[in-house]
Amino acid sequence: MGLDVEPADESDMDRLIEIQFSAFEGDPYHEALYPGDHFSPALRRSARVRYIQEWREDVSVRWMKCTDRQTGTICGFAKWNLYETDRPEEEWKKRPLVDWCSGRNAEVAENFLYANAAMREKTWGGRPYSLLNILCVHRDFQRRGAGTLLVQWGLVHSERVGLPAYLEASPAGFPLYLKLGFHQIDVCVIKAGDWDGDFDRHLIAMLKNPHDASSPAVK
Ligand SMILES: CC(C)(COP(=O)(O)OP(=O)(O)OC[C@H]1O[C@@H](n2cnc3c(N)ncnc32)[C@H](O)[C@@H]1OP(=O)(O)O)[C@@H](O)C(=O)NCCC(=O)NCCS
């Protein structure tokens, strides 16, 4: 299957959200972040509004899509933030707004998002880096190389402009990132009590510096 990676545009957003909900189906992190019926138009609409608003306002955001060359179907996407220059404190300390749920659900969603944000603040402050913020491949298209291509797009760009690449890995993504040359630098722990889960959730903070070697598999 020939795959291409190119910038997405706003008209792709419904498909990107569909991919996100497919890729993360059953993932406790995603369930806690987006509580309720994942097929509810209202929930998807609120994700759409939030993503598009951020896209328009934040010049660092790059939504990249991976498309099956033969059918034109979008199989996966990555959201990268390329922070190429120093940023003021009010920008890197800004916390995401949770407005798609309320009450305890909103607290849980905030506990997740703020744990990631705190890890980024601690690691980077306002210094330049590139962040792989979201990576998802639709279930029907996984294990065909789309995830690799979407990460490699950001790594090539980061290398070119001399930025370290950073992410917090889910268990599903961790082996892929290791293969692509990232290494673990920290762990972000979300305590069971913070998300009413049965276990502490661990997200692995990972880094790849511009001149770190890639694995032979991606050369
Ligand atoms: C993690 C994720 C993005 C990986 O996407 P993917 O498109 O399946 O990734 P790739 O196909 O590039 O690589 C995955 C595996 O498929 C293998 N693969 C790649 N191309 C292949 C092909 N043509 N045929 C068979 N296997 C292939 C890779 O070698 C890799 O093998 P490994 O798991 O044994 O290391 C995807 O599983 C996903 O969306 N998961 C849920 C969301 C998530 O957790 N995202 C990460 C958040 S940090």
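Only a predicted model underlies this, so the values are computations on that prediction, with no experimental measurement involved.

To continue, consider the site of the ligand. The full set close to the ligand counts 20 residues, and R143, G145, G147, T148 and S170 are the nearest of them. A distance of 2.9 Å separates an oxygen atom of the ligand from a polar atom in the side chain of K179. With the chains in place, 71% of the 930 Å² that the ligand exposes on its own is no longer accessible. Elements represented by at least two residues in the shell around the ligand include exactly strand 4 (129-137), helix 6 (146-161), strand 5 (165-169) and helix 7 (174-179). When its residues are assigned to classes, the shell around the ligand shows 10 nonpolar, 6 polar and 4 charged.

Here we take up the pattern of salt bridges. This model, assessed by the stated rule, comprises 15 salt bridges. Put simply, R201 and D27 hold a salt bridge, and the shortest N to O gap is 3.6 Å. Of the two residues, R201 sits in strand 7 (residues 201-208) while D27 sits in the loop between helix 1 (13-23) and helix 2 (28-33), which places them 174 residues apart along the sequence. Grouping residues by exposure puts R201 and D27 together as buried. Salt bridges linked by common partners bring R104, E107 and D196 together as one network.

Moving on to the packing of helix 1 against helix 3 (residues 41-57). Interhelical geometry of helix 1 versus helix 3 gives an angle of 120° and a closest axis separation of 10 Å. Here helix 3 runs oblique to helix 1, going by the angle between their axes. Here helix 1 runs over helix 3; the crossing is right-handed. Residue-level inspection shows M13, D14, I17, E18, Q20 and F21 of helix 1 in contact with helix 3, the latter providing L43, R44, A47, R48, Y51, I52 and W55.

It is worth spelling out the sheet that holds strand 6 (residues 183-190) at this point. Strand order in the open sheet made by the 7 strands is 1-2-3-4-5-7-6, with mixed pairing throughout. Each edge of the open sheet is held by one strand with a lone partner, namely strand 1 (3-7) and strand 6. Adjacent strand axes in the sheet meet at a mean angle of 25°, parallel and antiparallel pairs treated alike. Bridge count for strand 6 against strand 7 is 7 bridges, and the pairing is antiparallel. By the bridge assignment, V187 is partnered in strand 7 with I204.

Within the element layout of this structure, E168 appears in strand 5. Owing to a relative accessible area of 15%, E168 belongs among the buried residues under this scheme. A polar contact of 2.6 Å, which involves the side chain of E168, links it to the side chain of R120. Reaching out from E168, the side chain makes a polar contact with the side chain of Y166 at a distance of 2.7 Å. Excluding its chain neighbours within four sequence positions, the residues that come into contact with E168 are N116, M119, R120, L203, I204 and A205.

So, how was this worked out
- Residues numbered from 1 in each chain as written.
- Predicted model: local features only at pLDDT ≥ 70, side-chain atom pairs only at ≥ 80, totals over all residues.
- Heavy atoms only, no water.
- Near = heavy atom within 4 Å.
- Polar contact = N/O pair within 3.5 Å; in protein donor to acceptor, adjacent residues only side chain to side chain.
- Areas by Shrake-Rupley, 256 points an atom, 1.4 Å probe, with all protein chains shown as cover.
- Helix = DSSP H or I, 4+ residues; strand = E, 2+ residues; numbered from the N terminus.
- Nonpolar A, V, L, I, M, F, W, Y, C, P; charged D, E, K, R; others polar.
- Salt bridge = Lys/Arg side-chain N within 4 Å of Asp/Glu carboxyl O.
- Buried < 20%, exposed > 50% of the residue type's maximum accessible area, 1.4 Å probe, protein only.
- Axes fitted to C-alpha atoms, helices over the stretch in contact; angles between N-to-C directions.
- Parallel < 35°, antiparallel > 145°, perpendicular 65-115°, else oblique.
- Left-handed = near helix turned anticlockwise from the far one by under 90°.
- Contact = heavy atoms within 4.5 Å.
- Pairing = 2+ DSSP bridges.

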